[in-house]
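Structure assessment
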Amino acid sequence: MPFTMKSFVFWSGVYNAGLAVFLLFPPLYRGVGMNICNPVWGWLIAGFLAFTSAVLILASRDLRRRAAFVYWESLLRYIAALVLIPAGLFGDVGLIVVPLGLGDLAIGLVYMFGLPKELGVSHLTLLCDAVD
């Protein structure tokens, strides 16, 4: 099966859904060494992940028309990496979040550079939602 942005976006949405479910249960994330100070924060992050999961899965159904949503998601992935990597290395969240942050960085890079290549449009076109 060849690599396509459509399938990558879909499966990254499924990944977000899995993370959302995981963060709903403090015994699960504490069991792998993740320390979220209050379960409410885990639930808030889970809600955010559930929303982005739905956006990604729906965007994958008509990627050309909805590519701007995925492109903007790449910026969210970079922010997640900027927060998670230092928090895992220097904070008390747990080292387990470092690979999650690196994964967010990798996914963001694939979105940002894969979408223009596959759709044949510029970064500015995606940023401004001007894909025809």
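Refer to the preceding data block for the structure.
Here the structure is a predicted model, which means the values were calculated and not measured.

Right, let's talk about the pattern of salt bridges for a bit. Counted by the stated rule, this structure contains four salt bridges. Notably, a salt bridge pairs Glu73 with Arg77, separated by 3.1 Å at the nearest N-O pair. In this pair, Glu73 and Arg77 both sit in helix H4 (residues 63–90), four residues apart, roughly one turn of the helix. Judged by relative accessible area, Glu73 falls into the buried class, the value being 7%.

This brings us to the environment of His123. Along the polypeptide, His123 turns up in helix H6 (residues 123–127). Residues His123 and Ala68 lie 55 residues apart in sequence; the distance between their C-alpha atoms is 9.6 Å. If near-sequence neighbours (up to four positions away) are discounted, His123 is found in contact with Tyr71, Met112, Phe113 and Pro116.

On to helix H5 (residues 97–119), then. Every α-helical turn comprises 3.6 residues, leaving residues that sit three or four positions apart pointing alike. Taking 1.5 Å as the rise per residue, H5 with 23 residues should run 33 Å; its terminal C-alpha atoms sit 32 Å apart, in good agreement. In the structure, H5 departs most strongly from a straight axis at Phe113, where the bend amounts to approximately 25° and where the proline Pro116 lies between one and four residues downstream. Restricting attention to buried positions, one finds in H5 the residues Val97, Val98, Gly101, Asp104, Ile107, Gly108, Tyr111, Met112, Gly114, Leu115, Pro116 and Leu119. Among the structural elements, helix H1 (5–23), helix H3 (39–61), H4 and H6 are those in contact with the buried residues of H5. Taken from the residues just after H5, Gly120 is the one with a positive phi, measuring 70°.

Before going further, it helps to examine the nonpolar core. Within the largest apolar cluster, 17 residues are counted, with the highest numbers of intra-cluster contacts made by Val9, Val70, Tyr111, Leu115 and Leu126. Elements represented by at least two residues in this core include exactly H1, H3, H4 and H5. In this view, Leu126 contacts Ala67, Ala68, Tyr71, Trp72, Leu115, Pro116, Leu119, Val121 and Val131; residues no more than four positions away in its chain are not counted.

Rules used in this analysis
Residues numbered from 1 in each chain as written. Predicted model: local features only at pLDDT ≥ 70, side-chain atom pairs only at ≥ 80, totals over all residues. Heavy atoms only, no water. Salt bridge = Lys/Arg side-chain N within 4 Å of Asp/Glu carboxyl O. Helix = DSSP H or I, 4+ residues; strand = E, 2+ residues; numbered from the N terminus. Buried < 20%, exposed > 50% of the residue type's maximum accessible area, 1.4 Å probe, protein only. Contact = heavy atoms within 4.5 Å. Expected span 1.5 Å × (residues − 1). Bend = angle between axes of the 7 residues up to and from the residue. Core = buried A, V, L, I, M, F, W, Y, C linked by side-chain atoms within 4.5 Å.

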